[in-house]
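These are the residues of each chain, in order.
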Amino acid sequence: MPETIISASILNSDLSNLRGAVKRANDSGAGWLHFDVMDGEFVQQITFGSSVLEAVKPHTSAFLDVHLMVTHPQRQVKLFADAGADMITFHAESYCDPAKVIDEIHALGKKAGIAIKPGTHVVTARPYIAAADMVLIMTVEPGYGGQGFIESTLGKIREVRALAPDKDIEVDGGINPETAERVREAGANVLVAGTYLFRSADMSEAVRSLKG
Ligand code: DX5
Ligand code: ZN
């Protein structure tokens, strides 16, 4: 199984001091920075677009992990690729041809991830797993940070790990030391965490506690 990676989600950081949040993440040992992009349609909230990623890019050497929660991902991939994203993940439930979006992300020289919501069966993403670099299994409903982990997602993590022994499997939502241990045991290796990391007094220690 690939090594465990922690991706710090800035969604629930102090957004009035984004540079400070990015510095905390940089200093914490979390190798990835997770950007939750919401369009007010795929989910109710609107968060940030590629211009924010572009502004952050010079202030970090972290791997930039973009999670598109948008209805039309094909409208965003070039913008985020040009802004400096390293991985662009979009939802299988969005309005697109996932095979084409994966190809487009690869043609832009970036890694591609495919995401499924807690209620979506693995079979929906299955045809695209081989072409994708990562599968994101949402462990909360997309839309907000700070929600409770949904237990029924553990079986889907096991299912994807059995299908793809060497691929990155990301989980997102409700990750703390207790749920981290369970998702790692099920086969996830990229753990997104927002609330738990940014509310910790010692973020480096918090990152270590998620790696186990
Ligand atoms: C939810 C987002 C998550 C969220 C995770 O739609 O995709 O990335 O920030 O936050 P926590 O760790 O607070 O559950
Ligand atoms: Zn996310």
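See the structure shown above.
From a predicted model like this one, the values you see are computed outputs, not experimental measurements. (Residues numbered from 1 in each chain as written. Chains lettered and ligands numbered in written order. Predicted model: local features only at pLDDT ≥ 70, side-chain atom pairs only at ≥ 80, totals over all residues. Heavy atoms only, no water.)

A. Broad picture of the packing of aromatic side chains. Within this structure, the stated rule accounts for two aromatic pairs. Each ring, one from Phe35 and one from Phe48, has its centre 6.0 Å from the other, and the planes form 85°; the classification is edge-to-face. Pair noted here: Phe35 is in strand E2 (residues 32-38) and Phe48 is in the loop between E2 and helix H2 (50-56), with a separation of 13 residues, a long-range link. A relative accessible area of 1% means that Phe35 is categorised as buried. Owing to a relative accessible area of 11%, Phe48 belongs among the buried residues under this scheme. Seen from the ring of Phe42, Lys117 lies directly overhead, with NZ or CZ sitting 5.2 Å from the centre. (Phe/Tyr/Trp six-rings, centres within 6.5 Å; stacked < 30°, edge-to-face > 60°. Helix = DSSP H or I, 4+ residues; strand = E, 2+ residues; numbered from the N terminus. Buried < 20%, exposed > 50% of the residue type's maximum accessible area, 1.4 Å probe, protein only. Lys NZ or Arg CZ within 6 Å of the ring centre and 35° of its normal.)

B. Expanded view of the layout of surface pockets. Within this model, the largest pocket holds a volume of roughly 290 Å³. Lining the largest pocket are 26 residues, and of these Gly145, Gly146, Asp172, Gly173 and Gly174 lie nearest its centre. Of the residues contributing to the lining of the largest pocket, the split by class is 11 nonpolar, 12 polar and three charged. (1 Å grid on protein atoms, 1.4 Å probe; cavity = no way out; pocket = protein on both sides within 12 Å on 5 of 7 lines; lining within 4 Å. Points joined across faces, edges and corners; volume = space filled by probe spheres on them. Nonpolar A, V, L, I, M, F, W, Y, C, P; charged D, E, K, R; others polar.)

C. Seen up close, the packing of helix H7 (residues 177-186) against helix H9 (residues 203-211). Contact geometry of H7 with H9 gives a least axis separation of 8 Å together with a crossing angle of 35°. Residue-level contacts link Pro177, Ala180 and Arg184 of H7 to Ser209, Leu210 and Lys211 of H9. For the contact of H7 with H9, the class distribution of residues is three nonpolar, one polar and two charged. (Axes fitted to C-alpha atoms, helices over the stretch in contact; angles between N-to-C directions. Contact = heavy atoms within 4.5 Å.)

D. Here's a closer look at the site of ligand 1. Among the 21 residues in the neighbourhood of ligand 1, the closest are listed as Asp36, Gly146, Asp172, Gly194 and Thr195. Here Asp172 contributes a side-chain N or O atom positioned 2.6 Å from an oxygen atom of ligand 1. When isolated, ligand 1 has an accessible area of 380 Å², and the protein chains bury 99% of it. Cavity membership is defined here by more than half of the atoms lying within 2 Å of grid points; on that basis ligand 1 lies in the largest pocket. Of all elements in the fold, only E2, strand E3 (63-69) and strand E8 (190-193) reach the threshold of two or more residues within the shell around ligand 1. Top contributing element to the shell around ligand 1 by residue count: E2, with three residues. Tallied by class, residues from the shell around ligand 1 come to eight nonpolar, 11 polar and two charged. (Near = heavy atom within 4 Å. Polar contact = N/O pair within 3.5 Å; in protein donor to acceptor, adjacent residues only side chain to side chain. Areas by Shrake-Rupley, 256 points an atom, 1.4 Å probe, with all protein chains shown as cover. Sits in = over half its atoms within 2 Å of the grid points.)

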